[in-house]
Amino acid sequence: GCGTCWGDCGAAPTCGVDAIVNPVSNLRQPTVTVNSSVRDLIINAGATLRIKAGITLSVCGNFTNNGTLICEPGSTVQFQLGSAIQTISGNLTGANSFANLVINKTAGSVVLATNIDVSENFTTSTNTSQFNINGKYMKVGGNFTNANGTGTFLIANLGNSRVEFNGTANQNFTNTAGTFNFNRMIMNKPSGILFLMGANSSINIDTTLTLTSGVVNTRNVTANYIYLKWINANAVTGYNVNSYIDG
């Protein structure tokens, strides 16, 4: 593939054109080498899409991976269509993870229909960039930046959802405005610290906090805290000398 031609197609897709990636006998599979846009993107079983380092693929419709997605370090998948609801589905964990995932919408929301891994940074860019975790499991290896509390990281269908921080380096959690909620939060960092950054970056947790490995530092801003809403002895699990709240 190349920057202007995906695999054996005659031209690259655009925000108004779908892309369906199929396996082909000559093994020509698309590699996105320049910033590009697509409406619906479907990667079928046996097919592969690669996004090169430093490149942004903007998705104006739905994203489905039933094949292989290779997001090189530093690449970005951005969801940006105006008022429509956009869905993320398929196999998007492990080797098929996003590198950077950005929600940048003027209205509507992006809804998870599957568990996802984000090996680098997750961002909701503006007060109208709504993300619906929809009860799914999400792992983040880099920074987590949310524009406006539950206005952009939605509490609708938050139940049973899990967000795991698993990066090997320090990670920043930043909530720019509003009040923020997780349903379940998991610390599973082999090394490094999760820092709560900025004046609005306290985290409210509806159900459980699991401290497997890695420290949460709330001291950058003295007003920040981790607040557990479930009054139960099992609300915090796994607390140990390598995983605790430093605040």
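Residues numbered from 1 in each chain as written. Predicted model: local features only at pLDDT ≥ 70, side-chain atom pairs only at ≥ 80, totals over all residues. Heavy atoms only, no water.

### A few points about the pattern of salt bridges
Point 1. By the definition in use, this model includes 5 salt bridges.
Point 2. Between Asp246 and Arg219 there is a salt bridge, with the nearest N and O atoms lying 2.7 Å from each other. Taken as a pair, Asp246 in strand 24 (residues 245-246) and Arg219 in the loop between strand 21 (203-217) and strand 22 (226-228) lie far apart in primary sequence, 27 residues in all.
Point 3. With relative accessibility at 52%, the residue Arg219 sits in the exposed group. (Salt bridge = Lys/Arg side-chain N within 4 Å of Asp/Glu carboxyl O. Helix = DSSP H or I, 4+ residues; strand = E, 2+ residues; numbered from the N terminus. Buried < 20%, exposed > 50% of the residue type's maximum accessible area, 1.4 Å probe, protein only.)

### Concerning the sheet that holds strand 7 (residues 63-65)
In any sheet, the strands associate via hydrogen bonds between backbone groups, in a parallel or an antiparallel arrangement.
Point 1. Read from one edge to the other, the open sheet built from 6 strands follows the order 1-4-7-10-12-15, with strand pairing classed as parallel. Of all the strands in the sheet, the pair left with one neighbour each is strand 1 (19-21) and strand 15 (130-132). Across the sheet, the mean angle from the axis of one strand to that of its neighbour is 10°, orientation sign disregarded.
Point 2. For strand 10 (residues 86-90) and strand 12 (residues 109-112), the ladder comprises 3 bridges, and the chain directions are parallel. Residue pairing for strand 12: Gln86 is matched across the bridge by Val110. (Pairing = 2+ DSSP bridges. Axes fitted to C-alpha atoms, helices over the stretch in contact; angles between N-to-C directions.)

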